[in-house]
Amino acid sequence: MSKQRRKQKAREPKQRVKDIYVARPFEGLPDEVEWVALRELVPAATAPLKLAEPFATQYAGREITLATVLPLAWPAMTKPDGRVLVALQRQFQSGDVSRDIAASLIAALETEPGKTVGVPTLPGEGPRLQDMLVNEPIDFTLHDTFEFWVDADASDDPQVKASLERANASIYPTRKVAAMPGAYWCDVTDRCHLRIVLPDGESAALAALARLSSDGGLRLGIDTKFAGMFRAHGVLVPVWDLPLGVEAEDCEEPVAGFAKRYAEALAVTEPLDTAQRRARDGLIGRQLTLR
C-alpha cells in the first residue's frame, strides 16, 4: 500500500460494529441451564468442547476446553502445544454472550499456539456457540481451585503461584445438586444457599413460582427460607437460604420434591387467581442482585 493510500485510509471513518442483543443467549444449546449456571453461579469449572462441521474439519486435532474464568478475566488463551481454553466469564461482553464466546474461540483457534489471543470488544456478525458446537450436553467438572490454568512445568513460577493463590482465595465451595438440572449448593461463609436455574421463559417460570408461593410450595424444608430470585440470561434463578451445616447431599430429596411441584405448576394453563397474582407481585418485589 502506497504512503498516499495509507494516509487516505487513515482519514476514512471507521465502520462502527453494530451490537446485537439476545435476551436468552444460550437458548438452543443442550443443557442451557448448566451454561447459565457455569456463567453465573459456579466459580471454577471446565468442560471439553466438540466442534461441529465445518469447524471440526477446519480445526481438526485442536483440543478445546471451556472454563468458567481464565487468568485476568481473559476471554481465551492458547497453550504452546495447541490446546485452547475459552472463558465463559470475561471482562467485556456484547449484547450476545453466545457470539462473544464463539468469537473468542475462533480468535484463539486462529492464534499461533502459545501467543496472546486478541479478541474484539464487540464481535459483530458471525457464528454463535449454537453454530459451532455439536448438539450434545456438556460434560463439565467442578474444581476447588484454578490449578487447571497452569501446566505442571509452570507451577514453580512465583508470579503464577501468586496469581493462583489470589484466585483460589476467592472461591466459595459449590456443589451440584443432581436432583434437578441447574441446581447448585454453595457455602458463602456465613450462610449456605441453594440456587436453581429454571429452564423456562421468565413469564412461564414466574407464573409457576407464583402458584407454588400461594400454596406454600416454595418451601424446601422447615428450616429453609425462600430468599428471592434473580434474572440471568433470560431465565429465572430462585434462591433459598439454608441453615449452616446443610450440605449439598442434604438438598437432593427436597430439590426433587420441588422439581415435581414446579413441573406440575408449570403445566397449569388457567390464569392466575387473585392470591396467585399477589404472590407473583411479591416475587417480583423480591428480586435479588447476585454478588
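To be clear, the structure that these remarks concern was listed above.
Heads up: these notes are all about the structure in this document. (Residues numbered from 1 in each chain as written. Predicted model: local features only at pLDDT ≥ 70, side-chain atom pairs only at ≥ 80, totals over all residues. Heavy atoms only, no water.)

## Quick look at the nonpolar core
For soluble globular proteins, nonpolar side chains are generally found buried alongside one another. Among the nonpolar cores identified, the biggest contains 42 residues, and F26, W35, L41, L49, L51, L105 and V197 are the most heavily contacted of them. Those elements that place two or more of their residues in this core are α2 (32–40), β1 (45–49), β2 (64–67), β4 (84–87), α4 (97–110), α5 (129–132), β9 (225–232) and β10 (235–242). When residues of this core are assigned to their parent elements, the largest contribution, seven residues, is made by α4. For F26, the residues in contact, after removing those within four places along its chain, are E32, W35, V36, R39, L88, V97, I101, L129, Q130 and H233. Formed by 31 residues, the second largest nonpolar core is a distinct cluster that contains M180, C192, I196 and A205. (Core = buried A, V, L, I, M, F, W, Y, C linked by side-chain atoms within 4.5 Å. Buried < 20%, exposed > 50% of the residue type's maximum accessible area, 1.4 Å probe, protein only. Helix = DSSP H or I, 4+ residues; strand = E, 2+ residues; numbered from the N terminus. Contact = heavy atoms within 4.5 Å.)

## Re the pattern of salt bridges
A full pass over the atoms with the stated rule returns twelve salt bridges. Across the pair E264 and K260 runs a salt bridge, and its minimum N-O distance is 2.7 Å. Within this pair, E264 and its partner K260 are both found in helix α8 (residues 252–267), separated by four residues, close to a single helical turn. Accessibility expressed as a relative area gives 44% for E264, which makes it partly exposed. One salt bridge in this structure joins R280 and D281, with 3.8 Å as the shortest N-O distance. Judged by its relative accessible area of 28%, R280 is partly exposed. (Salt bridge = Lys/Arg side-chain N within 4 Å of Asp/Glu carboxyl O.)

## Focus on the packing of aromatic side chains
Overall, the coordinates contain six aromatic pairs when judged by the stated rule. When the centroid spacing of 5.1 Å and the interplanar angle of 75° are considered together, the rings of W240 and F258 count as edge-to-face. Taken together, the positions of W240 in strand β10 and F258 in helix α8 put the pair 18 residues apart, joining distant regions of the chain. Judged by its relative accessible area of 0%, W240 is buried. Site record: aromatic cluster; members linked through ring pairs are F226, W240, F258 and Y262. Sitting above the plane of the Y184 ring, K176 keeps its charged end 5.1 Å from the centroid. (Phe/Tyr/Trp six-rings, centres within 6.5 Å; stacked < 30°, edge-to-face > 60°. Lys NZ or Arg CZ within 6 Å of the ring centre and 35° of its normal.)

## Quick look at the sheet that holds strand β7 (residues 183–187)
Taken in spatial order, the five strands make up an open sheet running β6-β7-β8-β10-β9, and their pairing is antiparallel. Of all the strands in the sheet, the pair left with one neighbour each is β6 (174–176) and β9. Neighbouring strand axes in the sheet, compared pairwise and without regard to direction, differ in orientation by 25° on average. In the packing of α8 onto the sheet, contacts are made with β6, β7, β8 (192–196) and β10, and the angle to β8 comes to roughly 30°. (Pairing = 2+ DSSP bridges. Axes fitted to C-alpha atoms, helices over the stretch in contact; angles between N-to-C directions.)

## Here we look at the packing of helix α7 (residues 202–214) against helix α9 (residues 274–284)
It is the contact of α7 with α9, at a shortest axis distance of 8 Å, that shows an interaxial angle of 110°. Regarding the angle of α7 to α9, the classification is roughly perpendicular. Note that α7 runs across α9; the crossing there is right-handed. Contacts between α7 and α9 involve L206, L209, A210, R211, S213 and S214 from the first element and A275, Q276, A279, R280, L283 and I284 from the second. Partitioned by chemical class, the residues of the contact of α7 with α9 number seven nonpolar, three polar and two charged. (Parallel < 35°, antiparallel > 145°, perpendicular 65-115°, else oblique. Left-handed = near helix turned anticlockwise from the far one by under 90°. Nonpolar A, V, L, I, M, F, W, Y, C, P; charged D, E, K, R; others polar.)

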